[in-house]
Amino acid sequence: MSSQPSTEPSRQASKRTPAHDIGLAGGLKQRVVDFIRELERPDQRGPWLAMAAFTGMLVYSYWPGLLNAQSSWSNPQYSHGWIVPLFSVALLFLWRQPIEPVTLSARAAGLGILVASFALRLLMARYRIVTIDMYTFVPALAGIFLLCGGWSTFRWAWAPIAFLIFMYPLPDEATRYLLGPLQTLATIVSTYAMQTLGIDAYREGNQIVVGEMHLGVVDACSGLRMLTIFIALSVALVLLSDGEWWEKVAILASAIPIALIVNSIRITVTGLLYQVATSEIAEMVFHDLAGWVMMPMALGMLFLEQKILASLFLQEDQAPAVLAPMRAPRGGLTGRK
């Protein structure tokens, strides 16, 4: 009886789905399966269990501060705070790499970051600076990852951990120092824009006089809320982007100007509506419609900037082909006889 080669491996291979066809859900499922398989190895299970245990103790230690941060999310200025930890955890999971052996220098550096974080926390508690006290959770968590996972883990984990800083409110002192200059800047820019459009407007302090109407640029109109949310969103987009480093720097640098420009557009449109429409329509646009339009407008500007930056330089595989110079045939231009 002659034996025939088995076709089972080929059948299994034909059932496999290509990596590019598994989609988002399939990719997440594969990441979960890979992580479970890694935990079956003692050299991977130990560091992950240590990181989980230390992180749990850290969360317990900082629980009052985390609750304080969560309570600030009811403020419209920090309404994005709830999505920050979810984004960071998702990014940590997607960027996760197998843990390599931890060197002594990594353990020393991680322990040093932990000690420095706790020392700063004690100092802030001594002077009752609550916000900075809460901030120390972020470097302490980074120290845990470095202590238990080493430098290789720290390289892919530091950015998602640092992003957690956006779930906290600004210190009260920073808010007070920023509100005044932002109000003045928004008033000056909006007044100039209205005058450019031919509207009879002039500035009185933080008020814009449009005809007989006084448009006050109060704290809510300073643009601080837009600035806070848009900077966090810009950082998130940079983390997800695969562009060049200089493109990412340009996007981050433009986040503040874009947020301030969009806020000034909001005030300018409101002043224009006071002239061409009723005050009820102007108030409705300013308080309701503009709040929904500002963020898409800012994102559109950011997307346009990203497209412009991407088109400035071509990738190597997109560079135009260079034709070799054509050589004249032998015998000169007359050809062969």
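Criteria and cut-off values
Residues numbered from 1 in each chain as written. Predicted model: local features only at pLDDT ≥ 70, side-chain atom pairs only at ≥ 80, totals over all residues. Heavy atoms only, no water. Helix = DSSP H or I, 4+ residues; strand = E, 2+ residues; numbered from the N terminus. Phe/Tyr/Trp six-rings, centres within 6.5 Å; stacked < 30°, edge-to-face > 60°. Lys NZ or Arg CZ within 6 Å of the ring centre and 35° of its normal. Core = buried A, V, L, I, M, F, W, Y, C linked by side-chain atoms within 4.5 Å. Buried < 20%, exposed > 50% of the residue type's maximum accessible area, 1.4 Å probe, protein only. Domains from an automatic or database assignment. Contact = heavy atoms within 4.5 Å. pLDDT = per-residue confidence, 0-100. Pairing = 2+ DSSP bridges. Axes fitted to C-alpha atoms, helices over the stretch in contact; angles between N-to-C directions. Expected span 1.5 Å × (residues − 1). Arc of directions from axis to C-beta. Salt bridge = Lys/Arg side-chain N within 4 Å of Asp/Glu carboxyl O.

Asker: I tried to follow the environment of Val238 on my own but got confused; where do I start?
Answerer: Mapping Val238 onto the fold places it in helix H10 (residues 224-240). Distance in space between the C-alpha atoms of Val238 and Val249 is 8.6 Å, their sequence separation being 11 residues.

Asker: Would you take a moment to explain the packing of aromatic side chains for this structure?
Answerer: The relative placement of two aromatic rings is captured by the distance of their centres and the angle of their planes. Inspection of every chain in the model, using the stated rule, returns seven aromatic pairs. Three or more aromatic residues joined by ring pairs form one cluster here, namely Phe35, Trp48 and Trp156. A cation over an aromatic ring shows up here: Arg121 above the ring of Tyr62, its NZ or CZ 3.8 Å from the ring centre. Of note, Arg126 hangs over the ring of Tyr127, and the distance from its end group to the ring centre comes to 5.5 Å.

Asker: Just to check I follow, could you spell out the nonpolar core for this structure?
Answerer: Within the largest apolar cluster, 35 residues are counted, with the highest numbers of intra-cluster contacts made by Phe137, Ile161, Met167 and Tyr168. The set of elements that each furnish at least two residues to this core consists of helix H3 (42-61), helix H4 (63-72), helix H5 (83-95), helix H7 (130-135), helix H8 (137-162) and H10. The two domains that each donate at least three residues to this core are domain 1 (28-167) and domain 2 (172-312). Setting aside residues up to four positions removed in sequence, Phe137 forms contacts with Leu58, Val59, Tyr62, Leu164, Met167 and Tyr168. Among the nonpolar cores identified, the runner-up in size contains 19 residues, and Leu182, Met295, Leu302 and Leu309 belong to it.

Asker: Which parts of the structure should I look at to understand the confidence of the model for the protein?
Answerer: Low pLDDT means the predicted atomic positions in that stretch should not be read closely. Per-residue confidence for the protein gives a mean pLDDT of 84, with 83% of residues at or over 70. Summarising per-element confidence for the protein, the mean pLDDT is lowest in helix H1 (residues 8-15) (40) and highest in H8 (97). This model gives residues 1-20 a pLDDT under 50, and the stretch forms one contact once residues within four places in sequence are excluded. Here residues 331-337 is modelled with pLDDT under 50, and outside its nearest four sequence neighbours on either side it reaches zero contacts, counting other chains as well.

Asker: Which parts of the structure should I look at to understand the pairing of strand S2 (residues 207-210)?
Answerer: Along any regular strand the residues' side chains alternate between the sheet's two faces. Note that strand S1 (residues 201-204) and S2 share four bridges and pair antiparallel. Among the inter-strand pairings, Glu204 is bridged to a residue of S2, identified as Gln207. Taken together, S1 and the strand that follows it, S2, pair antiparallel across an intervening segment of two residues, in which Gly205 is found at a positive phi of about 65°. Sheet analysis places S2 next to strand S3 (residues 213-216), joined by four bridges and oriented antiparallel. Across the sheet, residue Val209 finds its bridge partner in S3, namely His214. Linking S2 to S3, which pair antiparallel, is a turn of two residues; within it Gly211 sits at a positive phi near 65°.

Asker: Please explain the sheet that holds S1 as it appears in this structure.
Answerer: The strands that make up a sheet pair up through hydrogen bonds in the backbone, lying either parallel or antiparallel. Read across the sheet, three strands follow the order S1-S2-S3 without closing on themselves; strand pairing throughout is antiparallel. Of all strands in the sheet, those with a lone pairing partner are S1 and S3, marking the two edges. On average, each strand axis in the sheet is inclined to that of its neighbour by 30°, with strand direction left out of account. Across the sheet, helix H9 (residues 172-196) lies against S1, S2 and S3, angled at about 160° from S1, the strand it touches most. Packing of helix H11 (residues 245-276) onto the sheet brings it into contact with S2 and S3, and relative to S3 it is tilted by some 165°.

Asker: Could you clarify how one ought to interpret the side chain of Thr191 in this entry?
Answerer: Following the sequence through the fold, Thr191 ends up in helix H9. Those residues in contact with Thr191 that sit more than four places away from it in its chain are Ala201, Tyr202, Arg203 and Ile208.

Asker: Help me understand H3, please; the structure alone is not making it clear to me.
Answerer: Side chains that are three or four residues apart share a direction in an α-helix, a result of its 3.6 residues per turn. The end-to-end C-alpha separation of H3 is 28 Å, in line with the 28 Å expected for 20 residues at 1.5 Å each. Where H3 is concerned, the buried positions are Gln44, Pro47, Trp48, Met51 and Leu58. One side of H3 carries all its buried residues, which in axial view fall inside an arc of 95°. Across H3 from its buried face, at more than 90 degrees, point the exposed residues Pro42, Leu49 and Tyr60.

Asker: Would you mind going over the environment of Leu227 with me for this structure?
Answerer: Along the polypeptide, Leu227 turns up in helix H10. We classify Leu227 as buried; its relative accessible area is 11%. In this structure, the C-alpha to C-alpha distance between Leu227 and Ala259, residues 32 residues apart in sequence, is 5.4 Å. Excluding residues that lie within four positions of it along the chain, Leu227 makes contacts with Leu182, Ile256 and Ala259.

Asker: Hey, could you run me through unusual backbone geometry in this one?
Answerer: Keep in mind that most residues, glycine aside, have a negative phi and that most peptide bonds are trans. You will see that Arg128, though not glycine, has its phi angle at about 55°, which is positive. Tracing the sequence through the fold places Arg128 in the loop between helix H6 (104-126) and H7.

Asker: I tried to follow the pattern of salt bridges on my own but got confused; where do I start?
Answerer: A side chain of one charge can pair with a side chain of the opposite charge when the charged atoms of the two come close. Throughout the structure, instances matching the rule amount to three salt bridges. Across the pair Arg96 and Glu38 runs a salt bridge, and its minimum N-O distance is 2.8 Å. A residue pair is termed long-range when its members are at least 10 positions apart, and Arg96 in the loop between H5 and H6 and Glu38 in helix H2 (residues 23-39) qualify at 58 residues. The residues Arg96 and Glu38 share a single accessibility class, namely buried. Arg41 is paired through a salt bridge with Asp43; the nearest N and O atoms lie 3.0 Å apart. Look at Asp43 and you get partly exposed, because its relative accessible area is 44%.

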